[in-house]
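These are the residues of each chain, in order.
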There are 2 protein chains.
Amino acid sequence: MAFAKEQGWIAHGRSTVEEDYIAQFDLVVFALYPHVFLDWLRQYQGYFKPGALLTDVTGVKNGIVQEVQGMLRQDLEFIAAHPMAGRECSGVENAKKEIFYDANYIVVPTEKNTQQAIDTCRALGETLGFHTISTLTPERHDEMIGFLSQLTHCIAISLMTCRDTACLAEYSGDSFRDLTRIAKINETMWTELFLLNRDQLIEQMDLFERTFRHLRDCIADGRAEEIKEIMRQSTVQRGLFDKKESKVK
Amino acid sequence: MAFAKEQGWIAHGRSTVEEDYIAQFDLVVFALYPHVFLDWLRQYQGYFKPGALLTDVTGVKNGIVQEVQGMLRQDLEFIAAHPMAGRECSGVENAKKEIFYDANYIVVPTEKNTQQAIDTCRALGETLGFHTISTLTPERHDEMIGFLSQLTHCIAISLMTCRDTACLAEYSGDSFRDLTRIAKINETMWTELFLLNRDQLIEQMDLFERTFRHLRDCIADGRAEEIKEIMRQSTVQRGLFDKKESKVK
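What you are looking at is a predicted structure, and each value in this text was computed from that prediction instead of being measured. (Residues numbered from 1 in each chain as written. Chains lettered and ligands numbered in written order. Predicted model: local features only at pLDDT ≥ 70, side-chain atom pairs only at ≥ 80, totals over all residues. Heavy atoms only, no water.)

1. Regarding the overall build of chain A
When you go through chain A residue by residue, the secondary structure sums to ten helices and five strands. Overall size of chain A, expressed as C-alpha extent along the three principal axes, is 70 × 40 × 35 Å. Counting every position in chain A, which comprises 249 residues, the buried fraction comes to 50%. Here the contacts in chain A between residues at least 6 apart in sequence split such that 69% fall between residues at least 24 apart. Approximately 11400 Å² of chain A is accessible, and the part contributed by carbon and sulfur atoms is 50%. Measuring between centres, the 28 positive side-chain charges of chain A sit 4 Å from its 37 negative side-chain charges. (Helix = DSSP H or I, 4+ residues; strand = E, 2+ residues; numbered from the N terminus. Buried < 20%, exposed > 50% of the residue type's maximum accessible area, 1.4 Å probe, protein only. Contact = heavy atoms within 4.5 Å. Areas by Shrake-Rupley, 256 points an atom, 1.4 Å probe, with all protein chains shown as cover. Lys, Arg positive; Asp, Glu negative; His and termini not counted. Charge placed at Lys NZ, Arg CZ, Asp CG, Glu CD.)

Pasting the structure below:
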């Protein structure tokens, strides 16, 4: 807290839960492990002022949004959000607001949300400097996150642990470094997120594995034309993500 | 060629094979598709001056080094090398010498090579600005490349083609972009390289798939402690690659 104040990033803060302190806020952003977030609300939601708007940064929405909205006081509102920006290191000393600038901010409303809350949440994403603000249902969010984020972490972890790599650093090119950057991982948070989104994640993992296995068989059988066709597809599809990148740089 | 001359990157060049022209060089670096490289040498090796040193940048060594050294004139020498630096785009307009600066250059000698050729090849890597110059046997090179480079490309391609992603660009975080950067791929070159190194690549793919499948089963069964242990391992092992990175920046 002292460090964040010194940097001018916060005006004031507390590491204890005090009713007077909490009662002053109109907008509260929760950045807690999912189960801690739920426990916290159960215990302390009585402290908020009537009309306060709560939002979060939780990486999975099913099992969180419905739980929170189901238990919340009638005079409070919770609107879920997911800022798609992060680093492979944690702690306020590693905070960097620039990670927001070419990133996506996803608002995840349900039928329980007011238009005003949705607008405020979008405005928060804009204020933070996010490049694209979009809206998804919890189901669609979790499916998408299962593929784009959780599957990629599973791949990185598996690649990093499938053999002894200690002696390989001096031979490595950028491709291995790129694919394993996210293999440095907060095991408590990610295990919880994986298990909260288990069904979606397993589906995405199986999808990937079938495709990977097909490529393996093409290589084993020497089916050159089929391999080339997969690579051409891959090049075209990656091109769609490129345009995005060049647009924001 | 006009562009490279304009940039001051080459003093002169030819796009045709002329005996007089080729006969003047002491050191020649081949950057051709593997089978084209072999064909070229069969046809034109008579043009080199006695004592010329040949080297290459081919991404696979077994099936190339022995072939070349076996067919070469007795008064020429071929020393294999692999500059571990590349981009996902091709053409001289995309050339960037900076990609060498924190990269690895691997010299791949056999018992047919002289110490002088090995030294010259290492000196070439140094002149180009490579950060680390190392030496590997062809067998060890191909095993290592099967894992660090070819497997990672197989993963990226499979991730990019396992489902329709066109609608996902606006939700993507950096992890997906990092893992698929190399999914833009020259299908002619990489298919040839994959098939030249087929046995090694299949072994590395199977190694990865077993680990990935184990993680999948841990998630499906909700074995949280086991997942956390894998993530802790992954974080430690990735740390070894980090130190390297910070050293070179």
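2. What about the packing of helix α6 (residues 138-161) of chain A against helix α8 (residues 187-196) of chain A?
All names here are of chain A. Closest axis-to-axis distance for the α6/α8 pair is 11 Å, and the angle between their directions is 125°. Accordingly, the angle class assigned to the pair α6 and α8 is oblique. The two elements α6 and α8 cross, and the hand of that crossing is left-handed. Residues Ser149, Gln150, His153, Cys154 and Ile157 of α6 pack against Trp190, Leu193 and Phe194 of α8. Looking at the contact of α6 with α8, its residues break down into five nonpolar, three polar and no charged. (Axes fitted to C-alpha atoms, helices over the stretch in contact; angles between N-to-C directions. Parallel < 35°, antiparallel > 145°, perpendicular 65-115°, else oblique. Left-handed = near helix turned anticlockwise from the far one by under 90°. Nonpolar A, V, L, I, M, F, W, Y, C, P; charged D, E, K, R; others polar.)

3. Quick word on α6 of chain A
Residue and element names in this part refer to chain A. Given a rise of 1.5 Å per residue, 24 residues ought to cover 34 Å, and the 32 Å separating the end C-alpha atoms of α6 matches this to within 8%. The sharpest bend along α6 reaches about 45° and sits at Gly146. Most of α6 sits inside the fold, with 22 of its 24 residues counted as buried. (Expected span 1.5 Å × (residues − 1). Bend = angle between axes of the 7 residues up to and from the residue.)

4. A look at the interface of chain B and chain A
Contact with chain B, which involves 87 residues of that partner, is made by 86 residues of chain A. The junction of chain B with chain A conceals about 8900 Å² of combined surface from both sides, 66% of it contributed by carbon and sulfur atoms. The largest per-residue losses of area from chain B upon contact with chain A belong to Tyr171, Phe212 and Phe241 of chain B, which jointly make up 9% of the total buried on that side. Put simply, chain B and chain A have ten salt bridges between them. Of the charged contacts in the structure, one is a salt bridge between Glu143 of chain B and Arg163 of chain A, with a shortest N-O distance of 2.8 Å. Here chain B and chain A share 30 residue pairs in polar contact (both at pLDDT 80 or more) between them. For the side of chain B that touches chain A, the secondary structure elements donating two or more residues are β4 (104-108), β5 (132-135), α6 (138-161), α7 (174-180), α8 (187-196), α9 (198-220) and α10 (224-248) of chain B. Across the side of chain B that touches chain A, the residue classes tally to 41 nonpolar, 24 polar and 22 charged. (Buried area = accessible area lost by both parts, 1.4 Å probe. Salt bridge = Lys/Arg side-chain N within 4 Å of Asp/Glu carboxyl O. Polar contact = N/O pair within 3.5 Å; in protein donor to acceptor, adjacent residues only side chain to side chain.)

5. Some remarks on the sheet that holds strand β5 (residues 132-135) of chain A
All names here are of chain A. Pairing is mixed across the open sheet formed by five strands, whose spatial order is β1-β2-β3-β4-β5. Bordering the open sheet on either side are β1 (27-30) and β5, each of which pairs with just one other strand. Put simply, the sheet's adjacent strands are angled 25° from each other on average, direction ignored. Where strand β3 (residues 77-84) lies against strand β4 (residues 104-108), five bridges are found, and the strand directions are antiparallel. Pairing of His82 across the sheet is with Ile106, part of β4. (Pairing = 2+ DSSP bridges.)

6. What to know about the relation of the copies chain B and chain A
Each copy of the sequence occupies a distinct position, and chain B is placed on chain A by a rotation of 180° and an axial shift of 0.0 Å, giving an RMSD of 0.0 Å. A rotation of that kind, with that shift, is consistent with a two-fold axis. Considering only C-alpha atoms, the part of chain B nearest the rotation axis is Leu179 of chain B, at 2.4 Å. Same-surface contact between copies: 99% of interface residues of chain B are shared with the interface of chain A. (Least-squares fit on C-alpha atoms with pLDDT ≥ 70 in both.)

7. Regarding the packing of aromatic side chains
Per the counting criterion, the structure on display carries 33 aromatic pairs over all chains. When the centroid spacing of 5.2 Å and the interplanar angle of 70° are considered together, the rings of Phe30 of chain A and Trp40 of chain A count as edge-to-face. Residue Phe30 of chain A is found in strand β1, and its partner Trp40 of chain A is found in helix α3 (residues 34-44); the two are separated by ten residues along the sequence. Judged by its relative accessible area of 5%, Phe30 of chain A falls in the buried class. Note on Trp190 of chain B and Phe194 of chain B: the rings are 6.0 Å apart at their centroids and 70° apart in plane angle, and the pair reads as edge-to-face. (Phe/Tyr/Trp six-rings, centres within 6.5 Å; stacked < 30°, edge-to-face > 60°.)

8. A look at the side chain of Gln69 of chain A
You can see Gln69 of chain A is positioned in helix α4 (residues 65-71). Other than its neighbours up to four places away in sequence, Gln69 of chain A contacts Phe78, Thr110, Lys112 and Asn113 of chain A.

9. Focus on helix α5 (residues 115-127) of chain A
All names here are of chain A. Here α5 is 13 residues long and its end C-alpha atoms lie 18 Å apart, about the 18 Å a rise of 1.5 Å per residue gives. Looking at α5, one finds that the buried residues are Ala117, Ile118, Cys121, Leu124 and Gly125. Mapping the buried residues of α5 onto a view down its axis gives an arc of 120°, with all of them on the same face. In α5, the exposed residues that point more than 90 degrees away from the buried face are Gln115, Gln116, Glu126 and Thr127. Along its buried surface, α5 packs onto β1, β2 (53-56), β3, β4 and β5. Following α5 by one or two positions, Gly129 adopts a phi angle in the positive range, close to 95°. (Arc of directions from axis to C-beta.)

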